[in-house]
Amino acid sequence: MRFGMLLLMATAGAQGLQFEVASVRVSGLPDQQCFGKTLGPERVHYGCYLVAGVIMDAFGLEAYQYAGLSKAEGISVEIDATMPAGTTKAQMQEMLRNLLAQRLHLKVRRETREGDAYRLTVADPKSQGLRPAMTGNRGVQGSFDQTTGRPSVAGTNATLGDLAAFLATRIKGPVRDETGLAGNFDFNLVSVALNDDGLRPVAAGGEDLLPIPAALRAQLGLRLEKSKGTVEFVVIESIDSKPTEN
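So, a few notes on the structure that sits alongside this text. Not measured: the values here are computed from a predicted model. (Residues numbered from 1 in each chain as written. Predicted model: local features only at pLDDT ≥ 70, side-chain atom pairs only at ≥ 80, totals over all residues. Heavy atoms only, no water.)

## Observations concerning the overall build of the protein chain
In plain terms, the rule: By the criteria applied, helices consist of DSSP H or I runs no shorter than four residues and strands consist of E runs no shorter than two, each listed in order from the N terminus. Only protein chains enter the calculation, and the probe is 1.4 Å; a residue is then buried if its accessible area is under 20% of its type maximum, exposed if over 50%, and partly exposed in between. Pairs of residues are marked as contacts when any of their non-hydrogen atoms sit within 4.5 Å. Areas reported as accessible are Shrake-Rupley estimates using a 1.4 Å probe. Residue values count occlusion only from the protein chains shown.
Helix and strand content of the protein chain: four helices and 15 strands. Sorting the 246 residues of the protein chain into buried and exposed places 42% on the buried side. Across the protein chain, contacts joining residues at least 24 apart in sequence account for 76% of those joining residues at least 6 apart. Approximately 12900 Å² of the protein chain is accessible, and the part contributed by carbon and sulfur atoms is 52%.

Set out below in structure tokens:
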């Protein structure tokens, strides 16, 4: 795999958008009890949160697009910050990145790496697995089939771009929607392997769970093909274990 460094971010005295008021302190709770956050509309609050999770919120990439997060292992913080009304998500993320740089001296670099990517295409245009969407909150999520109790992927009022984004988080690589199918759909993939990277069958309860590509083809008439592509990475170079004083 080849690596191409795009950007080195300086941390000390980071410029750019800032929170109006911000407090960062070490959490007094054990790591396993860290939870809870509020991101907007005028406040950012982490009641007790692992710094690795804060970093992921600040950059907004998928989990597989980070390297070196182990440098933040075991560090948990409490953050309270305010921002002007009307602050966009992108602006809030910039404020959060600058706060991490100033208070925890977070140093990162961005890279593009060549590696495996995937294409989502149509294998069987006559498949009945994709149903025109009824009303409902839009989304794709892993769940359990109510009839069989086996792992499933449920799509509600979702585009195939939404499905591609969900699949990327499971197979740990970018997935491009090249189906050409517009609109929103309801669908349900059942007995599908969602652990590990989802690309191999898994024995569970005496029955094999289908790898994701096989489930997509058999149940939705879609094909997931491996190809090559580039992926943006954020590489954590260093981070302090304790924030500077408020």
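## Focus: the pattern of salt bridges
Our working definition: By salt bridge we mean one thing: a side-chain nitrogen of Lys or Arg within 4 Å of a carboxyl oxygen of Asp or Glu.
What the rule picks out here adds up to 15 salt bridges. Across the pair Arg176 and Glu178 runs a salt bridge whose closest N-O atoms are separated by 3.1 Å. Given a relative accessible area of 36%, Arg176 falls into the partly exposed group.

## Section: the sheet that holds strand β3 (residues 35-39)
Filter applied, for reference: Strand pairing is assigned whenever DSSP detects at least two bridges linking the two strands. Axis definition: a line fitted to C-alpha atoms, over the contacting stretch in the case of helices. Angles run 0 to 180 degrees between N-to-C directions.
Within the open sheet, the four strands sit side by side as β2-β6-β4-β3. Their pairing is antiparallel. Each edge of the open sheet is held by one strand with a lone partner, namely β2 (21-26) and β3. Sheet twist, expressed as the average angle between the axes of neighbouring strands with direction ignored, equals 10°. Strand direction decides the pairing type here: β2 and strand β6 (residues 76-82), joined by six bridges, are antiparallel. Note on β6: the bridge partner recorded for Val26 is Val77. Together, β3, β4 (43-50) and β6 form the strand contacts of helix α1 (residues 51-59), whose direction differs from that of β4 by roughly 145°. Contacts between helix α2 (residues 89-104) and the sheet are confined to β2, β3, β4 and β6, with β2 contributing the most and set at about 50° to the helix.

## Brief notes about the sheet that holds strand β10 (residues 151-158)
The strand order β8-β12-β10-β9 describes an open sheet built from four strands, whose pairing is antiparallel. Each of the sheet's edge strands pairs with one partner strand only, and the pair in question is β8 (131-132) and β9 (139-144). Relative to strand β12 (residues 185-190), β10 runs antiparallel, the two sharing five bridges. Its bridge partner lying in β12, Gly155 is registered against Phe187. Of the strands in this sheet, β9, β10 and β12 are in contact with helix α3 (residues 160-171), which crosses β9 at around 50°.

## Remarks on the packing of aromatic side chains
To be explicit about the condition: Two aromatic rings from Phe, Tyr or Trp, using only the six-membered ring of Trp, form a pair when their centres are within 6.5 Å; if the ring planes differ by under 30 degrees the pair is stacked, by over 60 it is edge-to-face, and anything between is tilted. Definition used: whenever NZ (Lys) or CZ (Arg) falls within 6 Å of the ring centre and also within 35 degrees of the ring normal, the charge is taken to sit over that ring.
The full count for this structure, using the stated rule, is one aromatic pair. One cation-aromatic arrangement involves Arg97 over Phe59; the distance from NZ or CZ to the ring centre is 5.6 Å. Above the face of the Phe233 ring, Arg113 is positioned so that its terminal group lies 4.3 Å from the ring centre.

## Notes on helix α4 (residues 212-220)
What counts here: The arc in question is the one spanned by the directions pointing from the helix axis to the C-beta atoms.
When we look at burial in α4, the residues that qualify are Ile212, Ala215, Leu216 and Leu220. Looking down the long axis of α4, one finds its buried residues gathered within 100° of arc, a one-sided arrangement. Tucked inside the fold, the buried residues of α4 contact β7 (107-122), α3, β12 and β15 (222-238). Just downstream of α4, Gly221 is the residue with a positive phi angle, here 70°.

## Description of the packing of α3 against α4
Just so we agree on the cut-off: Throughout, the term roughly parallel applies to angles under 35 degrees, roughly antiparallel to angles over 145, roughly perpendicular to angles from 65 to 115, and oblique to all others. For this scheme, ten residues count as nonpolar: Ala, Val, Leu, Ile, Met, Phe, Trp, Tyr, Cys and Pro. Four count as charged, namely Asp, Glu, Lys and Arg, and the remainder, Gly too, count as polar.
The contact between α3 and α4 brings their axes to 12 Å, and the two run at 155°. One element, α3, and the other, α4, form an angle in the roughly antiparallel class. Taken together, the residues of α4 that come into contact with α3 (itself represented by Leu163, Leu167, Arg170 and Ile171) are Ile212, Leu216 and Leu220. Here the contact of α3 with α4 is composed, by residue class, of six nonpolar, no polar and one charged.

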